[in-house]
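# Overview (structure and organization)
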Amino acid sequence: MLCFGLALVAVVPVLLPGHPLLRALSVLLGLAPITAALTAVCRRQQLLAGDLRRSQAAFRTLAKSSVDPVVILDEQLRVTFASPALAGVLGREPGEMLGLPLEPVIHPDDRAGLFGANLQRRENGEFAVRTARVRAADGQWRLMQATVRDLRNDPDVGALVLHCRDVTSRGRGVDPELLELSLADPVTGLPNRTALSRRLAAVQRTVAASPVALVLLSIDGVAGATSRPGTEETVLRVLTSRLSRELRGEDWLARGKDGDFVVLVDGTVSDAEVVATRLVSTLGYIATPAGPLTATAGVTGLAADIDPGEALRRADLALSSACSAGVGSVHRYDDALRNAQDRRSTLAVDLAGALERGELRLAFQPVVDVVLHRTVSVEALLRWRHPELGDVSPQEFVPLAEESPLITELGRWVLREACSTVARTTDDELSVAVNVSARQVRSGQLVSDVVAALESSALPASRLIVEITESMLLDEHVAADLETLRGLGVRIAVDDFGTGWSSLAYLVGMPVDLLKMDQHFLAHVETDPQRRALCRAILQLGTTLNLPVIVEGVATPAVLALLRDMGHRFVQGYAFSRPLEAEQLAAGVWRTVPYVASAPPGVPA
Ligand code: C2E
Ligand code: MG
Ligand code: MG
């Protein structure tokens, strides 16, 4: 009887809470306190169920009235709700999809990105942005970008909620303010920089518990991938899809500045290096009509005391370092990179006033004719003595000057100084070679600067050589200016010859008088037969085209002997003389460099 009573007490409230039978039984069995408690629980459950129903109904009403399509998926990724706005975009009636899995209408290539590890349970309410091609009722693919909120832990919803946008024809005419507000990159649908900053800030708070690292991926070749208008966007989408496929579980892909991609890697810096290397090599397999894409990556770790801006700057520094090492490189940030960056910034600022403060000067390195045993010319080389950092190499500061219009001012000064110094020597046959930078040449002022330097120094044009690099010859305007200079009698030398895109074909018909073989050809030349073959080949090339070849960087007597035996005639390097100060040049030191001692009788020194 007691058992029966207890069973009844347990069942009746569920069915008939507060039922008179229950009350009578409770009194009868002396179980009034228990029954009262159960009744209260029951009431509360009913209230909650009512709340939940109202809350879910409210949620669905809100979703229904949303302008953008909203789709709700259950745990098995079946559609439990689709808002009416979906009909406008996909031409599918919301009711048509109810109870069906979403997967069949998603493009096979995009399924992994949409449903894979990316949609594994996330922290409550956290969003992810996913892009996928969805088949519309007319059979066409529409590119949909979905902001996915994981509300599976939310009792009001208990589902995945996808706020969708049709981004098929986006890109033009988009209100920039709206774009700014949006968290997604309109072309790829990936989180944009704003979303990235937010995410970085959120991750920074948890990074002490589990490490996270950042990969910054710079991709070349997207812009020129195809000449068809609008296809750049397609390339970016393919790229996004490929990159997404290479990522692991919780790795998070976003867009960075200047078209870079950013990955937040769930792991250490070493893990991020592995991921970055995989992404870089994957891109090499994406063929576009213009050839494969190329990528380079910078990697850094996140830490609780590094704010998101600093983390991105570090990744950027690592990326710059990787870019200078060559396409396909992956570099990790370290403090040495920061120190190098600080030094670059200091030098760039100080260089601006270096000329005025008298910290710059020219040195002159002889170029020797080993047949006639005489110095035929000197190359003017810029020198900077920094008041605190000491001597700074032009290899370090000239590129910095080239990043600003300062190079034009410096170049003009070098031309004047070089011409006037050499004009003051007693040898009226000695020529001077001046290096000019690409920016200076492209400024369009080279011809007027050269004319002004020649006029003010009274140096004959035939005694001036302008040294350019191979790539400058590609520019038609530059070639025209060089032709004008040749018309004046100035000679043009191709510096560091052999490091660019040297070929017989491009040299023919170019305004060039001399080739300066790059010093890299001399590395291990004594032991490496292939290098020797190259040295011979360049001499042969010069002979064929009637262009004298100067060999730079000849540092030892042994290399000098080897080159001389090969038939090379013009040589510049430490084997003869280091660059001389202007005073040494004026004093005629270049006449007494060692070769004079071995000059055969009768040959003018
Ligand atoms: P560059 O024009 O190829 O100059 C030759 C470089 O080789 C010079 O370095 C010279 O000191 C160095 N060199 C000469 N003989 C030897 C040798 O036997 N062994 C070795 N290891 N090196 C030798 P520097 O003076 O440091 O200049 C480096 C580069 O900076 C120059 O390469 C040139 O590209 C640039 N530069 C120098 N002065 C100027 C300038 O006035 N204007 C511009 N735009 N660039 C300049
Ligand atoms: Mg040079
Ligand atoms: Mg050179």
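In what follows, the accompanying structure is described. Since this is a predicted model, take the numbers as computed values, not measurements.

Here we come to the coordination of the magnesium ion (ligand 2). The protein atoms donating to the magnesium ion (ligand 2) are E379 (OE), N435 (OD1), E467 (OE) and D495 (OD), with metal-donor distances spanning 2.0 to 2.2 Å. The sequence pattern formed by the donor residues of the magnesium ion (ligand 2) is E-x55-N-x31-E-x27-D. The metal-metal distance between the magnesium ion (ligand 2) and the magnesium ion (ligand 3) comes to 4.0 Å, with D495 coordinating both. Of the two residues, N435 is situated in strand β16 (residues 431-435) and D495 in strand β18 (residues 491-497); the sequence distance between them amounts to 60 residues. The partly exposed category is assigned to N435, whose relative accessible area is 30%.

In terms of burial, strand β14 (residues 374-386) is a largely internal element, 10 of the 13 residues being buried. Pairing geometry for strand β13 (residues 360-369) and β14, over 10 bridges, is antiparallel. Among the inter-strand pairings, D369 is bridged to a residue of β14, identified as R374. Between β13 and β14, which pair antiparallel in sequence order, lie 4 residues; one of them, H373, sits at a positive phi of approximately 55°. In this sheet, β16 lies alongside β14 in parallel orientation, the contact comprising 4 bridges. Pairing of E379 across the sheet is with A433, part of β16.

Our focus in this paragraph is the pairing of strand β11 (residues 294-301). Within β11, 7 of the 8 residues are buried, which leaves it mostly tucked inside the rest of the structure. One ladder, built from 8 bridges, connects strand β6 (residues 212-220) with β11; its direction is antiparallel. Pairing of D220 across the sheet is with T294, part of β11. Bridge count for β11 against strand β12 (residues 330-332) is 3 bridges, and the pairing is parallel. When the sheet's bridge partners are listed, V299 is paired in β12 with R332.

Structurally, the position occupied by A287 is in strand β9 (residues 287-288). In the structure, A287 is positioned 52 residues away from V235 in sequence and 9.9 Å away in space, judged by C-alpha atoms.

Next up on the list: the environment of L351. Inspection of the secondary structure assignment puts L351 in helix α12 (residues 335-354). In the structure, L351 is positioned 33 residues away from W384 in sequence and 8.8 Å away in space, judged by C-alpha atoms. When residues no more than four places from it in sequence are discounted, the contact partners of L351 are W384, F397, A401 and L406.

This next bit is on the sheet that holds strand β8 (residues 261-266). Strand pairing in a sheet relies on backbone hydrogen bonds. The paired strands run either parallel or antiparallel. Ordered by their spatial adjacency, 5 strands build an open sheet running β7-β8-β6-β11-β12, and the pairing between neighbours is mixed. Unpaired on one side and paired on the other, β7 (252-255) and β12 mark the two borders of the sheet. Each strand of the sheet is rotated relative to its neighbour by a mean of 20°, with strand direction disregarded. Note: β6 against β8, 6 bridges, orientation antiparallel. Across the sheet, A213 pairs through a bridge with V265, a residue of β8. The strands touched by helix α8 (residues 193-206) within the sheet are β6, β7 and β8, with β7 carrying the most contacts at an inclination of about 140°.

Calculation criteria
- Residues numbered from 1 in each chain as written.
- Chains lettered and ligands numbered in written order.
- Predicted model: local features only at pLDDT ≥ 70, side-chain atom pairs only at ≥ 80, totals over all residues.
- Heavy atoms only, no water.
- Donors = N, O, S within 2.8 Å, 3.2 Å for Na, K, Ca; no water.
- Helix = DSSP H or I, 4+ residues; strand = E, 2+ residues; numbered from the N terminus.
- Buried < 20%, exposed > 50% of the residue type's maximum accessible area, 1.4 Å probe, protein only.
- Pairing = 2+ DSSP bridges.
- Contact = heavy atoms within 4.5 Å.
- Axes fitted to C-alpha atoms, helices over the stretch in contact; angles between N-to-C directions.

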